[in-house]
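Here's the letter readout for the chains.
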2 protein chains.
Amino acid sequence: MDYEIFELGDIVLQRGATLRGAKLAYKTYGTLNADKSNVIVYPTWYSGQHHDNEWLIGPGMALDPAKYFIIVPNMLGNGLSSSPSNTPQPYDLSRFPNVTLYDNVTLQHRLVTQKFGIERIALVVGWSMGAQQTNQWGCLYPDMVRRIAPFCGSAKTAPHNIVFLEGVKAALTADAAWNGGWYTTPPTRGLRAVGRVYAGWGLSQPFYMQELWRELGFSSLEDFLVGYWEGFFLKKDANNLLAMLWSWQHGDISDNPVFKGDFKRALGAIKARAIVMPAERDLYFPAADNEWEVSHMPNAECRPIPGVWGHFAGGGSSPADTRFIDDALKELLATP
Amino acid sequence: MDYEIFELGDIVLQRGATLRGAKLAYKTYGTLNADKSNVIVYPTWYSGQHHDNEWLIGPGMALDPAKYFIIVPNMLGNGLSSSPSNTPQPYDLSRFPNVTLYDNVTLQHRLVTQKFGIERIALVVGWSMGAQQTNQWGCLYPDMVRRIAPFCGSAKTAPHNIVFLEGVKAALTADAAWNGGWYTTPPTRGLRAVGRVYAGWGLSQPFYMQELWRELGFSSLEDFLVGYWEGFFLKKDANNLLAMLWSWQHGDISDNPVFKGDFKRALGAIKARAIVMPAERDLYFPAADNEWEVSHMPNAECRPIPGVWGHFAGGGSSPADTRFIDDALKELLATP
């Protein structure tokens, strides 16, 4: 086990359930300095775990463990933090409660403050749902968070994004083996179907036209669909996927007791210096939505990632896009 | 029955099967004039039937039955022409053979020439897969087809489009009730899943952001997903959908004995005056692909349909888009 567990105790979730003995899995990189001024928080993405964030961490990179203390908290539902797959009865499997962005971030805040006694965060950064958590950090804790860099995400899940996820969910749950979540063996047909549905959304039209899956080591389009996409989701737990999907569909930084649904006010509360990076060709977090958000954030810039990798521009597989993001993070961290 | 059947006899399909007693269902609108110079051919789209094309036909419109003789041939697999659902054993259900664009168009050509003795066509026009058939008409019969107007389609199915369809297929076939095509009652869970997968692709991100489904008479996003999308696919036969999906995935106007896979040569053979109309926000037939195609067509113009309806700009539900298409058709038909 290459990560730590922060015991949350019994937590009352935003939608009302009490998750008893809840756990937040996390991993840290680097060393917390004496005045605790070198903290970076880097939440995970849909189905990702801390190790899936490591491509953006390393010597010479913006997220350099020699300089920064980087905390990667695992999102609830991702199989390491409390999830359908690891929660004891009676809140296991299909009974795992609905978890919001607000739940995730307030619990991460407990980790950061209670476990480490941190009062200021140099940067919160994340991809996709990690970007959504990043935005949530920004508006909930404006005096704590100095900078944010959400990439390929949004502050509020758009209706079309919700619809895309309905397709993912429908493909998974069309498999009778899913059995309303009460499966004993994985619904593999549904998981494979999720991979095929997702394949069209994760990358752009010209990515496929240019056969850039070759750069990822696949020998044909079908090899990419099976070897990458089906393989990716076969490793995931179906109930976990559905739990995180619910969190995603309900992503809204203003849907909480602090902002009471006032989205513009929540955006306006993000005082942190922000570089918001949509991917130019992202099919479900379109750049236009980020541009609108940034126009309501007091200290933010929208800086689209050029190219054809679509949502996966932020996934660490495209060296040019990784460089683009890393350069922006360096620039952001260099600002006072 | 509001349509006619053209008996094709025993046909040898491009991929080798012989479909015995094959049938081409069609409907005509208007009257063939004495010199047979007023012919328009208007093929159907994925799962559409002749009546689904009627929104673009009417008095005062470009496709005015008072002026033109409009032939709407039903695509093979659509449930009216020979299809998995209506073909006798042994080529029924899952055994229905693979049908290409080339098959469809050469059989339509037989209808037009053998049944009606037509030698010249004023216009071939169609939406989506209908546009693909339109392009196929243009390059196979350049001396016969004077004008073409393919909208929201392409001359060759792009890899990303193939991937999108893999998601549709996977969602349908994840339902065990599909049973490899040997179902006796419809795989309704899979058909509903297809609706939900398709929902994200058929319309654009801003369509959903602006809640334009309200203009279609739906009361909520979920009402649109159930009432429109699930309802739409529940009316379709699963094997028919899969048969047409195969045709679509293999759509390529050059994949036939005439052009032997030379796509540029096939495009170059389209002598017809062409107005090619992609929808600005189409997610699976992107405008960029049409622009490239048009650059290889000798007498063509690319004229994107503006707005946020995405692929459904060509479906007849958006009055402004319908007007745009109709205006272009009027202009095209007025050229010598």
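Residues numbered from 1 in each chain as written. Chains lettered and ligands numbered in written order. Predicted model: local features only at pLDDT ≥ 70, side-chain atom pairs only at ≥ 80, totals over all residues. Heavy atoms only, no water.

A. Geometry of the overall build of chain A. Along the backbone of chain A there are 10 helices and eight strands. What you see for chain A is a C-alpha radius of gyration of 19 Å, in line with the 20 Å of a compact globule of 336 residues. By the burial criterion, 63% of the 336 residues in chain A qualify as buried. Pairs at least 24 residues apart make up 73% of the contacts formed inside chain A by residues separated by at least 6 positions. Working note: accessible area of chain A is about 11,900 Å², and carbon and sulfur atoms make up 51% of it. (Helix = DSSP H or I, 4+ residues; strand = E, 2+ residues; numbered from the N terminus. Rg over C-alpha atoms; globule rule 2.2 N^0.38 Å. Buried < 20%, exposed > 50% of the residue type's maximum accessible area, 1.4 Å probe, protein only. Contact = heavy atoms within 4.5 Å. Areas by Shrake-Rupley, 256 points an atom, 1.4 Å probe, with all protein chains shown as cover.)

B. Local environment of the side chain of Ser82(B). Relative to the assigned elements, Ser82(B) resides in the loop between β4 (69-73) and α1 (101-115). Polar side-chain contacts of Ser82(B) include one of 2.9 Å to the backbone nitrogen of Lys23(B). (Polar contact = N/O pair within 3.5 Å; in protein donor to acceptor, adjacent residues only side chain to side chain.)

C. Geometry of the side chain of Asn256(A). Looking at the secondary structure, you find Asn256(A) in the loop between α7 (238-249) and α8 (263-268). With near-sequence residues (within four places) excluded, Asn256(A) lies in contact with Gln14(A), Tyr102(A), Gln136(A), Leu140(A) and Gly261(A).

D. Spotlight on the relation of the copies chain B and chain A. The two copies are related by a screw operation: chain B maps onto chain A through 180 degrees of rotation and 0.0 Å of translation along the axis, at an RMSD of 0.0 Å. Accordingly, the operation relating the two chain copies is best matched by a two-fold axis. The rotation axis passes nearest to the C-alpha of Ala171(B) in chain B, at a distance of 2.2 Å. (Least-squares fit on C-alpha atoms with pLDDT ≥ 70 in both.)

E. View of the domain arrangement of chain A. Residues and elements named next belong to chain A. When its domains are assigned, chain A resolves into domain 1 (4-157 + 251-334) and domain 2 (161-244). Relative to domain 2, the C-alpha centre of domain 1 lies at a distance of 23 Å. Across the interface of domain 1 and domain 2, roughly 2,500 Å² is buried in total on both sides, 66% from carbon and sulfur atoms. By the criterion of area lost to domain 2, the three top residues of domain 1 are Tyr46, Tyr284 and Trp309, representing 28% of everything that side buries. At the junction of domain 1 with domain 2, the criterion picks out zero salt bridges. At the boundary of domain 1 and domain 2, one finds eight residue pairs in polar contact (both at pLDDT 80 or more). Here the residues of the side of domain 1 that touches domain 2 are counted per class, giving 14 nonpolar, 11 polar and three charged. (Domains from an automatic or database assignment. Buried area = accessible area lost by both parts, 1.4 Å probe. Salt bridge = Lys/Arg side-chain N within 4 Å of Asp/Glu carboxyl O. Nonpolar A, V, L, I, M, F, W, Y, C, P; charged D, E, K, R; others polar.)

F. Examining the environment of Ala328(A) more closely. Residue and element names in this part refer to chain A. Secondary-structure assignment places Ala328 in helix α10 (residues 319-334). What makes Ala328 buried here is its relative accessible area of 2%. Along the backbone, Ala328 and Val276 are 52 residues apart, and their C-alpha atoms lie at a distance of 9.5 Å. If we ignore the near neighbours within four places in the chain, the residues touching Ala328 are Ile275, Met277 and Arg303.

G. Fine view of the interface of chain B and chain A. Tallying the contact residues gives 30 residues for chain B and 30 residues for chain A. Between chain B and chain A, the buried area comes to about 2,600 Å², and carbon and sulfur atoms account for 75% of it. When the buried area of chain B at its contact with chain A is split by residue, His160(B), Val163(B) and Gln205(B) rank highest and sum to 21% of it. On the surface where chain B and chain A come into contact, there are two salt bridges. Across the pair Glu166(A) and Arg196(B) runs a salt bridge whose closest N-O atoms are separated by 2.6 Å.

H. Structural detail: the sheet that holds strand β5 (residues 123-127) of chain A. All names here are of chain A. The sheet built from eight strands is open, its strands ordered β1-β2-β4-β3-β5-β6-β7-β8 with mixed pairing. In this open sheet, the two strands that pair with only one neighbour each are β1 (4-12) and β8 (300-302). Geometrically, the sheet is characterised by an average inter-axis angle of 20 degrees between neighbouring strands, direction not taken into account. Pairing between strand β2 (residues 18-29) and strand β4 (residues 69-73): four bridges, direction antiparallel. Among the inter-strand pairings, Thr28 is bridged to a residue of β4, identified as Ile71. Taken strand by strand, helix α1 (residues 101-115) contacts β1, β2, β3 (39-41) and β4, and its axis lies near 120 degrees from that of β1. (Pairing = 2+ DSSP bridges. Axes fitted to C-alpha atoms, helices over the stretch in contact; angles between N-to-C directions.)

I. Summary view of the UniProt feature "active site" (unreviewed entry) in chain A. All names here are of chain A. As recorded in UniProt, the feature "active site" (unreviewed entry) lies at Ser128, Asp282 and His311. In sequence the annotated residues extend across 184 residues, while in space they remain close, none of their C-alpha pairs exceeding 10.5 Å. Within the fold, Ser128 resides in the loop between β5 and α2 (129-140). For Ser128, a relative accessible area of 3% puts it in the buried group. Beyond its immediate sequence surroundings of up to four residues, Ser128 is in contact with Trp45, Phe151, Cys152, Gly153, Phe285 and His311. Examined against the element boundaries, His311 turns out to sit in the loop between β8 and α10. Beyond its immediate sequence surroundings of up to four residues, His311 is in contact with Trp127, Ser128, Cys152, Gly202, Asp282, Tyr284 and Phe285. (UniProt positions renumbered as here; feature names shortened; annotations may be inferred.)

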